[in-house]
Structures are given as C-alpha cells and as structure tokens.
Amino acid sequence: MERTRILIVGGGFAGVECARGLESGLRPEEAEIALVTPASYQLYLPLLPQVAAGVLTPQSVAPPLRRLLHRTSIIPGMVIGVDTHDKVCVVRLISGETQNYRYDHLVLTPGSVTRSFDIPGLTQQARGMKTLAEAAYVRDHVIAQLDLAAASTNEQEKAERLQFVVVGGGYAGTETVACLQRLTNSAARRYPRLDPDLIRWHLLDIAPKLMPELGARLGRRAQQILRERGTDVSLGVSVAKAEERRITLTDNRVLPSRTLIWTAGVAASPLIGMLDAETMKGRLVVNADFTVPGHRGLYALGDAAAVPDLTKVGGAVCPPTAQHASRQGKHMARNLLATLRGEPMTPYRHRDLGLVVDLGGTDAVARPLGYEVSGFPAQVIARGYHLMALPTFTAKARTVANWNLNALTGDDFLRTGFLSRRPATLQDMEATDAYLTQERARELTA
C-alpha cells in the first residue's frame, strides 16, 4: 500500500514541533512526512533583536533542521498556492523552479509576516525584524550610519544618519530599540569624531500604552528604562509619510532620519488569503482541534490560524506567540496520530504562561503566571525561559557563551556588507508578493 502523505507548510515553531512529534510517534511504513520551508533552520524569533545588536550570533537562534528532524523530507522552498480540491500544493523552490506536491493531510503553519499599512513610502523605506536576514541587514545598516556620519562633514547628513526610528510598541519593537540603542551608545565611544548626544532613538506606537499585554505597571517601567537611556518614546503617534531622508509623523513632526525599522505587529501569511476558506482578521478559522471547517485533511495552527482559546470566554483566540505555536505543533502531531489510527482528536487547551521582555544588560520586565517582575530578577526569568525554549543543546550552549562573552568583552561593531547595494524591503525579505490564488493554483496543478 502507498504510504499516507503528510505535508507540513512552514518551518517555524508549530511546523517543526509537529514534524518532531510525528517522527517519534509514527513508524516509517505508516506515513511519509515532508516539510516545506525556504530556510534550513528553525528561527527562535524572540531573540532576534539580540542578533541585530550583535549580542548573539545567528547560529545561536537558528538551530539547523537537520539536527532536529531525521526522517522528515525537507523541501527547500515555499508553498505559493494550494488546490484544496485535488489536494495538491504548488511549491516554489529556492532555485526559482515550481513543483507540485500531492498530500493526504496538509498541516498549514506558514506563520506570519510584518503587518504594513497604506502609508506613503513605507514599503520602500521601512525595514523589518521578522527574519534572520532582516536582523543581519538592520545591524549592518545601523553600524553603516555611524561610519558614514563619522566620515561626513555635513551637519544635516549627520543628523539624518544618527536618528533612528522604530515603530511598534509591542515586545518586538521595545526589545529592538532597547538592544540597538545599547549598541549605538557603546559604539559612540569608538567614534571620536561623533558627538554621542547626536545619536537619537525614537520609539513610536499608535496605542496609548507601551506593551499593553504586560499590564500598565510593567509597561510604564519599560518606558521609564528606555527614556532613562535617552530613547524618545511617543505614544498615540505613528508614521504619516516615509521618505529616504526624513520621516513625517501623524502629529506633524518631521524627523530627519535614514532609518525606519517597522515592527508594528504581524499579519498571517498571505498564503491564507489565497485559500477558499473563512478567515478572522486575516487568520484562518479553525476548530479547537485545528481542523479547517469544510476541508477534510486540512489543518492550520500557529500565527496563521485563529485557534480558539478554551481557557478564556467570549470567543477569544490564541495570540500569535512562540509559546502557543510550539505547544500547538506538539498537539497537532498527537491529533494526526489519532486520526491515522482511527481515534478521536482532542481540542487544544493551554494556559498562557506570560511574557518576558529582555531590555539588555540587567534590565527586563516579565509577567510569569501573572506575577509582575522587573529588573535583574526579570532578566534571570527571561533568559532562563529562552534557554528552556531553545530546541537543541548546541543552541543553548552557544547562547550562554555569547551572553557571557558580551558581558565580559562588550559589543563589536562589525559590518558584514550584507546586501550593501540593494535595499532590503519588506516585500523582498518576506516574499509577500509570491502567492497564487486558488484559480491560478488549480491551473498549475491541472
């Protein structure tokens, strides 16, 4: 008999944990497991700001899939279209070629992309912090601005290059500005021709509070830490227009700046919008067992799915966090095993353990299990949580070594020349324009 074909879309927390669970629970003759992902690693996204700041090396937060998966076929590419009727996926390989892959069970975990808005100049000028490549590019770009400002004799150019704008007051944007500001403050001592007072960081968010998911007190504490370091935190404000050398804000202020880092939330992968299925705020509507209503053999979880949160009332859905994605992946594996063996699937239920926000140095804020903690104890909790969540011993060891090395020797200010001649736009980095409609996918799979 032909083996059951299980195709997993996405190599993030949910996809990889699902594949690992299937490998441990299935015999080789029971099913064929394949994972489609353009990357050869599983990115631990919460530590990406520390990669951008040079505190951690990319290998620390990106353990190779070959270390994690042993029987799963890894297809290097991305699913750009799905024919749910004939159960065929269109895959664009990293070589640019397209191939069709049939499936019996399709597990959609394509994750999310940076959420953008119809703001003039945004797609051309903004840089994201969602991928390893974006973090590497942002680091190169920030250090390049210091180098160019130090070499310039034009005061206007210096002002433009030494002002940095981060949009998004969630934990991603807050950690990004905290880590990168520490980097530039440290670097300023190595640039005798630069006035450190000219280096300015701005954090903007249209919301009235910083990191509302952490609660008002911890949000205020994080805001206080950033302001004490010199960050200009502006709430209730966003970008009205982005240009190469200046950024106009919604309160009519104009900031001379050549750096706009956009972390204003996430949106489900554009692949979800190409499916003939119901969505909720862009995420695929699913049952609590991850099944997609009206599509047999189709499942969705992680950031791309609106998974009901059974620990809350009022129709709440699970937030798009690494914590939920990882646990959903493990639960999806158990449900698929049950399906293949004729047993009932079970609904996903997990109580959120809270959030941790590492602000660099000895500063952090955390809310584990509802308890509010700040300062060094929160830093211990934050780093302890990240170490437990990293999937391999090698990644844990590298991360601890990097933290200790940075604490002992300080920051380095190395530019790798990454994409030095090509602007790294959100569309380029996150391939948001690659997806096919259902009709186009059916044409290619016919």
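Everything numeric here is computed off the predicted structure, so don't read it as measured data. (Residues numbered from 1 in each chain as written. Predicted model: local features only at pLDDT ≥ 70, side-chain atom pairs only at ≥ 80, totals over all residues. Heavy atoms only, no water.)

### Some details on the overall build of the chain
And step 1. If you tally the helices and strands in the chain, you get 15 helices and 23 strands.
And step 2. Over its C-alpha atoms the chain spans a radius of gyration of 22 Å, differing by no more than 12% from the 22 Å that the globule rule assigns to 446 residues.
And step 3. Each of the three principal axes of the chain carries a C-alpha extent, and together these read 75 × 45 × 40 Å.
And step 4. Evaluated residue by residue, the chain yields a buried proportion of 53% over its 446 residues.
And step 5. Looking at the chain alone, contacts between residues at least 24 apart form 69% of all its contacts between residues at least 6 apart.
And step 6. Total accessible area on the chain is roughly 20,000 Å²; 51% of this is exposed by carbon and sulfur atoms. (Helix = DSSP H or I, 4+ residues; strand = E, 2+ residues; numbered from the N terminus. Rg over C-alpha atoms; globule rule 2.2 N^0.38 Å. Buried < 20%, exposed > 50% of the residue type's maximum accessible area, 1.4 Å probe, protein only. Contact = heavy atoms within 4.5 Å. Areas by Shrake-Rupley, 256 points an atom, 1.4 Å probe, with all protein chains shown as cover.)

### Brief notes about the domain arrangement of the chain
And step 1. Entries for the chain in the domain assignment read domain 1 (4-114 + 267-352 + 430-445) and domain 2 (122-264 + 354-415).
And step 2. Centre-to-centre separation of domain 1 and domain 2, based on C-alpha positions: 29 Å.
And step 3. At the junction of the two partners, domain 1 supplies 35 residues and domain 2 supplies 33 residues.
And step 4. Interface of domain 1 and domain 2: buried area, both sides summed, is about 3,000 Å²; carbon and sulfur atoms make up 61% of it.
And step 5. By the criterion of area lost to domain 2, the three top residues of domain 1 are Tyr44, Pro49 and Ala52, representing 18% of everything that side buries.
And step 6. If you look at where domain 1 meets domain 2, you find ten residue pairs in polar contact (both at pLDDT 80 or more).
And step 7. Those elements giving two or more residues to the side of domain 1 that touches domain 2 turn out to be helix 2 (48-52), helix 3 (58-61), helix 4 (65-68) and strand 7 (112-114).
And step 8. Here the element with the most residues in the side of domain 1 that touches domain 2 is helix 2; it accounts for five residues.
And step 9. Here the side of domain 1 that touches domain 2 is composed, by residue class, of 20 nonpolar, ten polar and five charged. (Domains from an automatic or database assignment. Buried area = accessible area lost by both parts, 1.4 Å probe. Polar contact = N/O pair within 3.5 Å; in protein donor to acceptor, adjacent residues only side chain to side chain. Nonpolar A, V, L, I, M, F, W, Y, C, P; charged D, E, K, R; others polar.)

### Concerning the pairing of strand 15 (residues 259-262)
And step 1. The side-chain alternation of strand 15 yields two buried faces, one formed by Thr259 and Ile261 and the other by Leu260 and Trp262.
And step 2. Note: strand 8 (residues 126-127) against strand 15, two bridges, orientation parallel. Counterpart to Arg127 in the pairing with strand 15 is Ile261.
And step 3. Bridge analysis of strand 9 (residues 163-167) against strand 15 gives four bridges, and the strand direction is parallel. Each bridged residue has a counterpart across the sheet, and for Val167 the counterpart in strand 15 is Trp262. (Pairing = 2+ DSSP bridges.)

### Let's talk about the sheet that holds strand 17 (residues 279-280)
By definition, the strands of a sheet pair up through backbone hydrogen bonds, in either a parallel or an antiparallel sense.
And step 1. The mixed open sheet is built from three strands, whose spatial order is 17-18-20. A single partner strand is all that each edge strand has here, and the edge strands are strand 17 and strand 20 (305-306).
And step 2. Note: strand 18 (residues 283-285) against strand 20, two bridges, orientation parallel. Bridge pairing in strand 20 links Leu284 to Ala305.

### Things to note about the UniProt feature "domain: FAD/NAD(P)-binding" (unreviewed entry) in the chain
And step 1. Mapped onto this structure's residue numbering, the UniProt feature "domain: FAD/NAD(P)-binding" (unreviewed entry) falls at residues 5-329.
And step 2. Taken end to end, residues 5-329 comprises 30% helix and 26% strand; its first and last C-alpha atoms sit 18 Å apart. (UniProt positions renumbered as here; feature names shortened; annotations may be inferred.)

### Looking at the packing of aromatic side chains
Given two aromatic rings, one states the distance between the centres and the angle between the planes to describe the pair.
And step 1. Throughout the structure, instances matching the rule amount to four aromatic pairs.
And step 2. Taking 5.8 Å as the distance between ring centres and 40° as the angle between the ring planes, the aromatic pair formed by Phe290 and Tyr348 counts as tilted. Separated by 58 residues along the polypeptide, Phe290 in the loop between strand 18 and strand 19 (298-300) and Tyr348 in the loop between helix 11 (322-340) and strand 21 (356-358) bring together distant segments of the chain. (Phe/Tyr/Trp six-rings, centres within 6.5 Å; stacked < 30°, edge-to-face > 60°.)

### Structural notes on the pattern of salt bridges
And step 1. Tallying each qualifying case throughout the model produces 15 salt bridges.
And step 2. Note that Arg217 is salt-bridged to Glu372, the shortest N-O span being 2.8 Å. Here the residue Arg217 occupies a position in helix 9 (residues 216-228), and Glu372 occupies one in the loop between strand 22 (364-366) and strand 23 (373-374), the gap between them amounting to 155 residues.
And step 3. Judged by its relative accessible area of 32%, Glu372 is partly exposed.
And step 4. Among the ionic pairs, Arg253 bridges to Asp251, the shortest N-O distance being 2.9 Å.
And step 5. A cluster of three or more residues bridged by salt bridges with shared partners is formed by Arg27, Glu29, Glu30 and Arg341. (Salt bridge = Lys/Arg side-chain N within 4 Å of Asp/Glu carboxyl O.)

### Side note on the sheet that holds strand 15
And step 1. Strand order in the open sheet formed by five strands is 8-15-9-10-11, with parallel pairing between adjacent strands. Two strands bound the open sheet, and with one partner strand each, they are strand 8 and strand 11 (232-235).
And step 2. Bridging between strand 10 (residues 200-205) and strand 11 involves four bridges; their strand directions are parallel. Looking at strand 11, one finds that Leu204 is bridged to Ser234.
And step 3. Along the sheet, helix 6 (residues 132-151) makes contact with strand 8, strand 9, strand 10 and strand 15, crossing strand 15 at roughly 155°. (Axes fitted to C-alpha atoms, helices over the stretch in contact; angles between N-to-C directions.)

### With respect to the packing of helix 12 (residues 376-389) against helix 13 (residues 393-409)
And step 1. Here helix 12 crosses helix 13 at 150°, and the two axes come no closer than 9 Å. Looking at the two axes, helix 12 sits roughly antiparallel to helix 13. Our pair here, helix 12 against helix 13, has a crossing hand that is right-handed. For the pair helix 12 and helix 13, the contacting residues are Arg383, His386, Leu387 and Met388 in the first and Lys396, Thr399, Val400 and Trp403 in the second.
And step 2. Broken down by class, the residue content of the contact of helix 12 with helix 13 amounts to four nonpolar, two polar and two charged. (Parallel < 35°, antiparallel > 145°, perpendicular 65-115°, else oblique. Left-handed = near helix turned anticlockwise from the far one by under 90°.)

### A look at the packing of helix 1 (residues 13-25) against helix 11
And step 1. The geometry of helix 1 relative to helix 11 is characterised by a closest axis approach of 7 Å and an angle of 35° between their N-to-C directions. For the pair helix 1 and helix 11, the crossing hand works out as right-handed. Contacts from Phe13, Ala14, Glu17, Cys18, Gly21, Leu22 and Gly25 of helix 1 reach helix 11 at Ala322, Ala325, Ser326, Gly329, Lys330, Met332, Ala333, Leu336 and Leu337.
And step 2. Of the residues that constitute the contact of helix 1 with helix 11, the class distribution is ten nonpolar, four polar and two charged.

### Considerations on the side chain of Glu160
And step 1. Of note, Glu160 is situated in helix 7 (residues 155-161).
And step 2. By relative accessible area, which is 7% here, Glu160 ends up buried.
And step 3. At 2.8 Å, the side chain of Glu160 forms a polar contact with the side chain of Arg258.
And step 4. Not counting the four nearest positions on each side in its chain, Glu160 is found in contact with Arg245, Pro256, Ser257 and Arg258.

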